[in-house]
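In case you want the letters, here they are:
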Amino acid sequence: MKKVKDDINLDNAIFVRSWKIIIFCLLLLVEILIGVINRNGNYFNVDAWYVLAPVFFVLTVENAVKIWAIRGQKAKIPFYVIDTLSLIVLTLFTNGELVSTLYIVILSEFYLTEKKMTSNIAMGASSVGLFLIARAISGGLREGGVDVVELVSSAFNDLIIIVFHFLILNLTLQIYRKNREITKAYEELHESNEKLSGAYRELQEVTALEERQRIAKDIHDTAGHSITTVIMQTEAAKLVLDTQPQEAKRRIAAANLQAKHALEELRESVHLLSGYSQQLTLKEELESIIHDSSDGTDISFRYEIEEMTVCDAKRRFLCNSLKEGISNGLRHGDATAFWFELKAEEKHIRFLLSDNGKGSELSELREGFGLSGMHSRAESLGGEAWFHAEKDEGFEIHITLPQDGD
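An account of the accompanying structure is given in this report. It should be emphasised that the depicted structure is a prediction, and the values quoted were computed from it without experimental measurement.

Take a nonpolar patch on the surface next. A surface patch of nonpolar side chains, about 500 Å² in accessible area, is lined by Trp19, Ile22, Leu26, Leu29, Leu33 and Ile37. Mapped onto the secondary structure, Trp19 falls in helix α1 (residues 2-37). Given a relative accessible area of 37%, Trp19 falls into the partly exposed group.

Below, the structure written as structure tokens:
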């Protein structure tokens, strides 16, 4: 942003400096022409050159100082007074030719450096008035009186030139300044857009990195936990295979189900890392988990799932919570039947999973890895998770999450 402002200020400085050089050169040129035209002039019994030479010298020096050394219009006021007096003297001691051009040259410098239109109008109007007064005084001294009609008639062309100069130069300057303002605003906007684009790209990279780290942690936590559970279940099944074949069968079935869930979690994580877009709806994905858990087993499942749209993070959490709840019911509660419900209520999503397992006293309930993970993940998504258990009355998992956009 600073670079844009510096570039625009530099362009303006070059523009103003160039025009100052042009104005000063025009001032010198007009002075030379006036001097040539009036080289043999004699006014009020005084040789014109005795007056013109010092006036030209004063005009040249004070305009050089005013143009290049003085900053601020207030500081230039004394110099404009000197300009005015010099122009009045020139009007008295010349035939009047090209004096209006000097007015125009000096006014050009004022218009160039003054941005307020009201000040330019005031300066232009006062210059016209002073020009007419100087012409009237000059005519009165030479001819012994002032003819207003003759004065206006003789100065008419000069007045037209001064007025047109005011209109054209100020219009041009206003257009130029507005164009520079628009260019400045556009370039600042362009630079801001570039910065925003850069920040957005950085944010995307950081977000992608954070997502990969989160997925890697999920793989480590959930899949690792599931595989550990599979190993424990199969080891336990081996120990009771000869003495308690039914118990061994139950444990193997639970291990098999846990292995399926672990495989699904790994596949889902791989899909996320590769940018694969999930095609199933949330309802279809939950139903798939239920069917995978009940097909080929003695587990019975009843469920009621409402169709709804949620973000990927909530989708994964709800699916993983269902998997974890089913696995826990089989492993720890010896459950044979489950009821699952997912509903949208007002601004929240309500998740309920209950089983007919052996349960436990609530005071004896200890949250393992899976349940404690549900707590923390639900809170990170703006919701909450809690559990209800009674001895021989099964186990319940309750989760509430805010709906997307709330």
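Turning our eyes to something else, we now look at the packing of aromatic side chains. Applying the stated criterion across every chain, the model contains eight aromatic pairs. Between Tyr111 and Phe166, the aromatic rings sit 5.5 Å apart at their centres with planes inclined by 75°, giving edge-to-face as the arrangement. With Tyr111 in helix α4 (residues 99-113) and Phe166 in helix α6 (residues 148-240), the pair connects residues that are 55 residues apart, well separated along the chain. The exposure class assigned to Phe166 is buried, which follows from its relative accessible area of 16%. Three or more aromatic residues link up through ring pairs in this structure, and these residues are Tyr80, Phe110, Tyr111 and Phe166.

Tracing the chain through its elements places Asn38 in the loop between α1 and β1 (42-43). Owing to a relative accessible area of 1%, Asn38 belongs among the buried residues under this scheme. Among the polar contacts made by the side chain of Asn38, one reaches the main-chain carbonyl oxygen of Ile34 at a distance of 2.9 Å.

As enumerated under the stated definition, the model contains 12 salt bridges in all. The partner of Lys66 in a salt bridge is Asp83, and the shortest N-O contact between them spans 2.6 Å. Of this pair, Lys66 sits in helix α2 (residues 48-68) while Asp83 sits in helix α3 (residues 77-92), and the two are 17 residues apart along the sequence. Here the two residues Lys66 and Asp83 agree in accessibility, since each one is buried. Its relative accessible area of 0% is what places Lys66 among the buried residues. Overlapping salt bridges, with partners in common, bring together Glu304, Glu341, Lys343, Glu345 and Arg350 in one network.

Most peptide bonds are trans, and most residues other than glycine sit at a negative phi. The phi angle at Asp334 is positive, at roughly 55°, despite the residue not being glycine. Along the chain, Asp334 turns up in the loop between α9 (312-331) and β4 (337-345). Even without being a glycine, Glu346 presents a positive backbone phi close to 50°. For Glu346, the location among the structural elements is in the loop between β4 and β5 (348-355).

Reading the values: the criteria
- Residues numbered from 1 in each chain as written.
- Predicted model: local features only at pLDDT ≥ 70, side-chain atom pairs only at ≥ 80, totals over all residues.
- Heavy atoms only, no water.
- Patch = residues over 30% accessible without salt bridge, like charges linked within 9 Å, V, L, I, M, F, W, Y side chains within 5 Å.
- Areas by Shrake-Rupley, 256 points an atom, 1.4 Å probe, with all protein chains shown as cover.
- Salt bridge = Lys/Arg side-chain N within 4 Å of Asp/Glu carboxyl O.
- Helix = DSSP H or I, 4+ residues; strand = E, 2+ residues; numbered from the N terminus.
- Buried < 20%, exposed > 50% of the residue type's maximum accessible area, 1.4 Å probe, protein only.
- Phe/Tyr/Trp six-rings, centres within 6.5 Å; stacked < 30°, edge-to-face > 60°.
- Polar contact = N/O pair within 3.5 Å; in protein donor to acceptor, adjacent residues only side chain to side chain.

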